Amino acid sequence: MAKLSLKFEEKTVKEVPVGNRPVSIGRSPDNDLPVDNLAVSNYHARVYFEGGRLVVEDLDSLNGTFVNDLRVERATLHDGDSIWIGKHHIKVDASGDAPVPWDSGRKASAPRINETMVLDTKARREMLQQAAATGERVQFAAGRLKVPTLIVIGGRTDQKEYMLTNKLTVIGKSAMATVKVKGWFKPPIAAQINQRDDGYYIGPGDKMPTVNGVPITGPVRLNDGDLIEVSGVRMNFVFRE
Amino acid sequence: MRIVSGGVTDLGRVRTNNEDCFRIVESLDLFVLADGMGGEAHGEVASEMAVETVVKACMEPSEAGATQLGTSEPTWSGKTRRLTGAVHQANRNIYDAAEAHPEQHGMGATLTAAWIDGSKLSVAHVGDSRLYLLRSGNLQQLTSDHSLVAEQVRRGILTAAEAEESEMQSVLLRALGALPDVEVDTEEHMLFARDTLLLCCDGLTRMVSDPEIAGTLQSENDPTRAAEKLIALANERGGVDNITVIVVRVGSESRGWFSWLFGTGRRKAASNGAAGGS
């Protein structure tokens, strides 16, 4: 059964199961999950099942409800998501019987070399080679550069293909967008793609895009061949050699 | 575009000196942040030299006569070119100073600079300080860390989660002052009304997660107070390093929270935050 755990500063304050009835969250003590904090509205949000999916709905709260780092009015919840309400967060456990390790979204305090140091060219090469030799997940063979590309397969845009060379790609009607969407009633920024160290993440703009038919609730890492749909435009995300 | 900004630097809870340095030049909408390294007081020297060199080069009215270091792309704007050249110059200045003064050998600095011109943003960056963009509730990192662990993640050797646990986080592959020439990351972006920029050093990002950063920026409109809150959060977690944060809010002329912000006269932009702790 799905479970919500109210957390404050890493400590679990209360846990409630989500069954047939909605779980209410708020400052008022008659909520299923009362959160004692002035930043929380009396009846702040509720979580319930709808069509087999767990949904969080903000009840017009003053300070908002956040799923992971995204402010939401309504959002589908996934296992491991965090609902942030004021300084509290609620961990979503939709994994059934198998408990998953709780990723708090906080930085674990890593042991560290205390002083920052810079490697010179030779040391840098050796260190990376050493690391590459011991690593098992080396995906990119040296010398073969893969260029992430958006290929438009439906809808009206100013080009048919876009190579993603920037840290940030904006999809929308705005004249400043990289992928310019044409047509009436299209949003200035429909979606955005951010290049991070471990890949390319699509996130919402004024619209929630879908990836392979599934609406995203926050930044989602794109995989080779993924189908993106937003504002009437369909695109394939591929790595080109 | 109307711009309001605020910046704060803090010693943290462990260090005894502040090697960070930042400057906000309101008249230019220029924001520069550096994190120094190299024992004794030399990290402070390096970070201040980095920031001052970049600010000075950007304030000089004419581009003519200045010998531009480094390469530039033909599509870049004049300001992007000037900013990139300025970072190359800062590298050279720190390197030369370290060569000339043996006791300063090994000093260096990260540098992250953002320059706003209308709706265009120029970014120049070396090291592991960061520039973030918060747009539509979506926090996006506009710089790559030039650290060993980040490079290992880019090559698929480590996962992002493993990198956060690594004891090698302080090992940089690029910094100002280490070599006579440095590769500078430069990019241009278009800004939209209600965008928020965040420049910060690793003293923040090692202590505070992206969702927490996004939440704080969304819950506090005032740039200086948002910066103070982020620093307080990093200190609550232990504050193992100096913490420096610049928050920049981009607004349209007369709509929404922005006009409200101006109406209450809360503008509190720090103009100079040279290192010094709290």
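In this text the structure is predicted, and so the values were computed from the model without any measurement.

1. With respect to the overall build of chain B
Okay, so step 1: Each helix and strand in chain B was counted, giving eight helices and 12 strands.
Okay, so step 2: By residue count, 56% of the 278 residues in chain B fall in the buried class.
Okay, so step 3: Put simply, 72% of the contacts in chain B that link residues at least 6 apart link residues at least 24 apart.

2. Describing the overall build of chain A
Okay, so step 1: In terms of helices and strands, chain A carries one helix and 23 strands.
Okay, so step 2: Buried residues in chain A amount to 32% of all 241 residues.
Okay, so step 3: Of all intrachain contacts in chain A linking residues separated by at least 6 positions in sequence, the fraction that spans at least 24 positions is 32%.

3. Details of helix α7 (residues 223-236) of chain B
Residue and element names in this part refer to chain B.
Okay, so step 1: Between the first and last C-alpha of α7 there are 20 Å, a value that for 14 residues agrees with the 20 Å anticipated at 1.5 Å per step.
Okay, so step 2: All of the buried residues along α7 are Pro223, Thr224, Ala226, Ala227, Lys229, Leu230, Ile231 and Ala234.
Okay, so step 3: Elements that come into contact with the buried residues of α7 comprise β1 (2-10), α5 (202-205), α6 (210-219) and β11 (243-251).

4. A few points about unusual backbone geometry
Okay, so step 1: Located in the positive-phi region is A:Glu10, a residue other than glycine, with phi close to 75 degrees.
Okay, so step 2: By the secondary structure assignment, A:Glu10 is in the loop between β1 (3-8) and β2 (11-17).
Okay, so step 3: Phi is positive for B:Ser136, which is not a glycine, with a value near 55 degrees.
Okay, so step 4: With respect to the helices and strands, the residue B:Ser136 is situated in the loop between β6 (130-135) and β7 (138-141).
Okay, so step 5: On the basis of neighbour counts, which here come to 20 C-beta atoms within 10 Å, the residue B:Ser136 falls in the buried class.

5. Details of the pairing of strand β6 (residues 53-58) of chain A
Residue and element names in this part refer to chain A.
Okay, so step 1: Residue alternation in β6 divides its side chains into a buried set, Leu54, Val56 and Asp58, and an unburied set, Arg53, Val55 and Glu57.
Okay, so step 2: Here strand β5 (residues 45-50) pairs with β6 via six bridges, running antiparallel. Following the sheet pairing, glutamate 50 is matched in β6 by arginine 53.
Okay, so step 3: The pairing of β6 with strand β9 (residues 74-77) spans four bridges and is classified as antiparallel. Each bridged residue has a counterpart across the sheet, and for valine 55 the counterpart in β9 is threonine 76.

6. Regarding the environment of B:Val149
Residues and elements named next belong to chain B.
Okay, so step 1: Positionally, valine 149 belongs in helix α3 (residues 148-154).
Okay, so step 2: Take valine 149: there are 26 C-beta atoms within 10 Å of it, and that puts it in the buried class.
Okay, so step 3: Along the primary structure valine 149 and glycine 203 are separated by 54 residues, whereas in three dimensions their C-alpha atoms are 16 Å apart.
Okay, so step 4: When sequence neighbours within four positions are dropped, the list of residues in contact with valine 149 reads Leu158, Ala163, Ser166, Met168 and Gln169.

7. As for the nonpolar core
Okay, so step 1: Core analysis: the largest hydrophobic core is formed by 103 residues, its most contacted members being B:Ala50 and B:Val245.
Okay, so step 2: Among residues more than four places away in sequence, those in contact with B:Ala50 are B:Ala34, B:Ala90, B:Ile94, B:Ala109, B:Leu111 and B:Leu176.

8. Some details on the sheet that holds strand β4 (residues 33-34) of chain A
Okay, so step 1: If you walk across this open sheet you meet the five strands as β4-β3-β5-β6-β9 (chain A), and the pairing is mixed. Each end of this open sheet is capped by a strand with a single partner; those strands are β4 and β9 of chain A.

9. Re the sheet that holds β1(B)
The strands that make up a sheet pair up through hydrogen bonds in the backbone, lying either parallel or antiparallel.
Residue and element names in this part refer to chain B.
Okay, so step 1: Strand order in the open sheet formed by five strands is β1-β11-β10-β6-β7, and the pairing between neighbours is antiparallel. Sheet topology places β1 and β7 at the edges, where each strand pairs with a single neighbour. The mean angle between the axes of side-by-side strands here comes to 20 degrees, regardless of whether they run parallel or antiparallel.
Okay, so step 2: Pairing between β6 and β7: four bridges, direction antiparallel. From the neighbouring strand, tyrosine 132 faces β7, where its bridge partner is glutamine 141.
Okay, so step 3: Each of β1 and β11 touches α7; the most contacted strand, β1, lies at about 30 degrees to it.

10. Comments concerning the packing of α6(B) against α7(B)
Residue and element names in this part refer to chain B.
Okay, so step 1: Interhelical geometry of α6 versus α7 gives an angle of 145 degrees and a closest axis separation of 9 Å. The crossing of α6 and α7 is right-handed. Together, Glu212, Ile213, Thr216 and Leu217 of α6 and Ala226, Lys229, Leu230 and Leu233 of α7 make up the contact between the two elements.
Okay, so step 2: Residue composition of the contact of α6 with α7, by class: five nonpolar, one polar and two charged.

11. Observations concerning the pairing of β5(A)
Okay, so step 1: Here three bridges tie strand β3 (residues 23-26) of chain A to β5(A), and the two strands are oriented antiparallel to one another. Across the sheet, A:Ser24 pairs through a bridge with A:Arg46, a residue of β5(A).

12. Observations regarding the confidence of the model for chain B
Residue and element names in this part refer to chain B.
Okay, so step 1: Per-residue pLDDT for chain B has a mean of 87; in total, 87% of the residues score no lower than 70.
Okay, so step 2: Predicted confidence in chain B is weakest over strand β12 (residues 272-273), with a mean pLDDT of 44, and strongest over strand β10 (residues 196-200), with 98.
Okay, so step 3: The low-confidence segment residues 263-278 (pLDDT under 50) makes 40 contacts with residues lying over four places distant or belonging to another chain.
Okay, so step 4: Interface confidence in the predicted complex, given as ipTM, is 0.80; pTM for the same model is 0.71.

13. What about the confidence of the model for chain A?
Okay, so step 1: Scored by pLDDT, chain A has a mean of 81; 80% of the residues are at 70 or more.
Okay, so step 2: Every residue in residues 134-144 of chain A scores below 50 in pLDDT, and together they form 12 contacts with partners more than four places removed in sequence or on other chains.

The rules behind the values
- Residues numbered from 1 in each chain as written.
- Chains lettered and ligands numbered in written order.
- Predicted model: local features only at pLDDT ≥ 70, side-chain atom pairs only at ≥ 80, totals over all residues.
- Helix = DSSP H or I, 4+ residues; strand = E, 2+ residues; numbered from the N terminus.
- Buried ≥ 20, exposed ≤ 12 C-beta atoms within 10 Å, placed from the backbone.
- Contact = placed C-beta atoms within 7 Å.
- Expected span 1.5 Å × (residues − 1).
- Pairing = 2+ DSSP bridges.
- Core = buried A, V, L, I, M, F, W, Y, C linked by C-beta atoms within 7 Å.
- Axes fitted to C-alpha atoms, helices over the stretch in contact; angles between N-to-C directions.
- Left-handed = near helix turned anticlockwise from the far one by under 90°.
- Nonpolar A, V, L, I, M, F, W, Y, C, P; charged D, E, K, R; others polar.
- pLDDT = per-residue confidence, 0-100.

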